[in-house]
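Inside the fold
In case you want the letters, here they are:
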Amino acid sequence: MADLLVKKLTAEDFNAERYVQDLSQSSVGGLELQQQRQRIHHLAEETNAQLKKNVYMNYMQFIDTAKEISYLESEMYQLSHLITEQKSLLTSLLELSITGERGPGCAAQEMIEVDPQELKEKRERENRKKLTGLLEKIEGCSHVMEVEDRYLLFDGDLVELNQDDYTAMQRVHAYLLNDSLMIAAWLSDRRGPVRYRFEVLYPLDQVLPVNIKDRGTTKNAFKVLIFPDTRVFMAPTAKIKQDWLDEIERAKANKVAVDKLKAERAQIQQKERQLSLSKEDSLDSNNPFSEDSDSLNPFQEPPPPSMGPPEWVLELPEELDQAIAQRNFEDAVSLIDSGREYFDSAPKTPVYNEMRRALEGRVRSLVDVLQGELQVTPEKSLQGGPRAARRATTLLVHLNKSSQACGLFLGHRGAILKAGLKRLRLEGKTVLYVRQLCSIFFHNLLETGREFNKAFPANRSCTSAFVVWAHGEVNNFASMFSRHVFTTQSSLTTVAECISQADHHCQQLAEIGLDLTFSLHTLLLRDVERWIRDGRDKMIEAVKLRGQEDTWKTLKYDSKDLLNKFIEDMNDIGIANVQSYVTDELCIGLTNNSIQFSRAFLGYLEDVLRLHWPETEHLVDESLTAIFSAQLRHCKSSLDEPLFKNEQSTIKRNSAFLLDGVLTVAEHRYAEARGHTHPSLPSLHSSYQNLTGQAINASTINKYESKFI
């Protein structure tokens, strides 16, 4: 089954949309679709693991091949050295003569040995003059001429292509020098003789040309591998492309030979200098006046200058390339620190300047690789975890790339958060979904803050970037929260519970010194106010509807157990004096309207207390007073109604229950939750005291009554 699926997915004429359409038509129910999805997911994971394994195997083969090439190169050098020795031996045999005369091949040999060298030096001088003239047309390349023995070998116009789809990007002019490859871009707004802008200078030992076969509209193209980047160029003709490939290979071979010859000469000079110094020391040891004359002789020669940089500095670029390729980033940073420390104290000569630029080029390569560790793309997984991100971030900060490291770190953490929220599924009740949503979001935010403090302990300037990032993520969270919570199916109780969960998790961010509660409330304020008003309006409408059907008949239960259960339910919502309203064994002197209102009002009170913010305080206080005033107005109008003349005692008893029982409980609960009394609920006792049988001034009307009459 798996092999058949692989064949389908890897077929040349595979169409994803058609496959999904056929699969949905042939599958029965969602369970079978889920099974198909699981199979494809497992296949993707297996393919990913196989690709990683192949990359590792090819990488090891690449390392082994590079070692073999290095061995072959050393053997070729030894062979070339042997041929040179044989040539010199044959030359000496030609010059050897018993009579003392020179052999017949001497004149020809002199032409072979002398004339090519003179021609070569003359050609190098001409090429350097040509390079000087060409560089006058390039903007920003004055440092190229600082190396005295640098000259031009080959140059020409090329078109740079995109390495992914081989589309043209820009026109460039390339210069092949004896030790490097320089790329200059065309200037669109040329002024005077300047035609190009300097772009980059690659050391020749980093350049590797690779031919590209012609395909489609892409012809005469070739790659230039420059670790860790790749650039693709297109030549005007096939001959010019081949010339570029041959000239680069020839220049690389010549540079290797010249470098080795310089190294041999330096070793010979060093040995000769050491030998001369040892002879001078032996002569000085036999001179009885040497110790005194050393300090007094004004004509004493200064000590010999140093023989150039040490061997580890010469090998520093290769060591850095190897450390970066093997992902030993800590070793690479340590080498960079050592190199920078050495070059800071080294003389400012062209040779040292060139070596310093080569080191900074490796630094840029390392920075690019470390930034790639933090960059998130659809093709790249997030399996590295926070430790890998912290490692790359710490090294970038060490390399004085704090701003780039901060942006990439936050982008990486944002991708982790997005992936975690994407795996969240809406199953079950809204409250359960919101609890998981808040747990994932705020836990990730908390972990991001902790990792940020570890990665940037001494870079407080990046803290503002973290705060801005956190506010942006809260905006995304609020949008997702609102989409699932503030729906037509959600009740005020559900909204209050979800808001309470979000507030609880948001307050945990105080551990890292971050308070986003105000931002979260600001984003949710409009919807919260709408739900409070809707709940208030529904409560007032329910009071009116129950009032129209209210006959003021007291409740009577069929059994003692039902009466006791009712008393327990009222005790649970905070009304403990219900027992005093029991009139006989199974009757209670309260109406169904009063009981339903008590339960609804106290439930509404609990909900709005969880939504009681400084921004919603006025609306909550006004809504509570308006709802209770509506119920009391119903009692007052019923008391004045002649139809209920015989129910006067029942009306007053229920009014007393509302004022002395329910309203008092509401006031205590409000004061307990908010720490202060309600501004207007206590005034209802005096405004409606006539409902309990006590006199009241008719002019006393609550300010909330006129609003909802």
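Our subject is the structure that appears above.
Fair warning: this is a prediction, and the values are worked out from it, not measured in the lab. Throughout, residues of each chain are indexed from 1 in the direction in which the sequence is written. Per-residue local features of the predicted model are confined to residues with pLDDT of at least 70, and side-chain atom pairs are confined, for both listing and counting, to 80 or more; whole-chain, interface and lining totals are unaffected and use all residues. Side-chain numbers here rest on the full set of heavy atoms in the structure, without hydrogens or water.

**With respect to the environment of Cys141**
As for its position among the elements, Cys141 is in the loop between strand S1 (138–139) and strand S2 (152–161). When the C-alpha positions of Cys141 and Ala184 are compared, they lie 9.3 Å apart, and in sequence the two are 43 residues distant. The way it works is that DSSP assigns letters per residue, a run of H or I at least four long becomes a helix, a run of E at least two long becomes a strand, and they are numbered from the N terminus.

**A few points about a negative patch on the surface**
Residues enter patches when their relative accessible area tops 30% and they take part in no salt bridge; the joining distance is 9 Å for like charges and 5 Å for the nonpolar side chains Val, Leu, Ile, Met, Phe, Trp and Tyr. A 1.4 Å probe and the Shrake-Rupley method give the accessible areas. Residues count as covered only by the protein chains that appear here. Note on definitions: salt bridges are taken to be side-chain nitrogens of Lys or Arg within 4 Å of carboxyl oxygens of Asp or Glu. By the counting scheme adopted, Arg and Lys are positive, Glu and Asp are negative, and His together with the chain ends is not counted. Charge positions come from single atoms, namely NZ of Lys, CZ of Arg, CG of Asp or CD of Glu. A cluster of acidic side chains, namely Asp205, Glu311, Glu315, Glu318 and Glu319, defines a negative patch on the protein surface. With respect to the secondary-structure elements, Glu319 resides in helix H8 (residues 316–325). For Glu319, a relative accessible area of 36% corresponds to the partly exposed category. For the exposure calls, accessible area comes from a 1.4 Å probe over protein chains only, and a residue counts as buried if that area is under 20% of its type's maximum, exposed if over 50%, partly exposed in between.

**Some points on a nonpolar patch on the surface**
The grouping of Met76, Leu79, Leu82 and Ile83 at the surface amounts to a nonpolar patch, some 400 Å² of accessible area in total. Mapped onto the secondary structure, Met76 falls in helix H3 (residues 29–95). Its relative accessible area of 55% is what places Met76 among the exposed residues.

**Here we look at the nonpolar core**
Grouping buried Ala, Val, Leu, Ile, Met, Phe, Trp, Tyr and Cys residues that are joined through side-chain atoms within 4.5 Å yields what is termed a nonpolar core. Phe481, Phe601 and Phe628 are the most contacted members of the largest nonpolar core, which has 122 residues in total. Among the elements that line this core, the one with the most residues is helix H13 (residues 430–455), at 11 residues. Contacts are assigned to residue pairs that have any heavy atoms within 4.5 Å of one another. In contact with Phe628, other than residues within four places in its own chain, are Phe597, Phe601, Leu658, Leu659, Val662, Leu663 and Leu684.

**With respect to the packing of helix H17 (residues 560–572) against helix H18 (residues 592–610)**
Any two packed helices are characterised by how steeply their axes cross, that is the angle between the axes, and by the distance between the axes. Note on geometry: axes are C-alpha line fits, over the in-contact stretch for helices, and angles between N-to-C directions span 0 to 180 degrees. At a minimum axis distance of 11 Å, the contact between H17 and H18 shows a crossing angle of 35°. Along this stretch, H17 crosses H18, giving a crossing that reads as left-handed. Between H17 and H18, the contacting residues are Phe566, Asp569 and Met570 on the first element and Ile595, Ser598 and Arg599 on the second. Looking at the contact of H17 with H18 residue by residue, the class counts come to three nonpolar, one polar and two charged. Note: crossing handedness is left-handed where the near helix turns anticlockwise from the far helix by less than a right angle, and right-handed where it turns clockwise. Gly falls in the polar group here, along with every residue not listed as nonpolar (Ala, Val, Leu, Ile, Met, Phe, Trp, Tyr, Cys, Pro) or charged (Asp, Glu, Lys, Arg).

**Re the environment of Arg364**
When you line up the elements, Arg364 lands in helix H10 (residues 350–374). Expressed as a C-alpha distance, the spacing of Arg364 and Leu399, which sit 35 residues apart in the sequence, is 9.8 Å.

**Re unusual backbone geometry**
A positive phi angle is found at Tyr166, which is not glycine, with a value near 60°. Relative to the helices and strands, Tyr166 resides in the loop between S2 and strand S3 (168–177). For Tyr166, a relative accessible area of 16% gives the class buried.

**Section: the pairing of S3**
Relative to S3, S2 is paired through nine bridges, and the arrangement is antiparallel. The partner of Leu158 across the bridge, within S3, is Val172. Note on pairing: two strands pair once DSSP finds at least 2 bridges between them. Count of turn residues in the S2/S3 antiparallel hairpin: six residues, of which Tyr166 carries a positive phi of about 60°.

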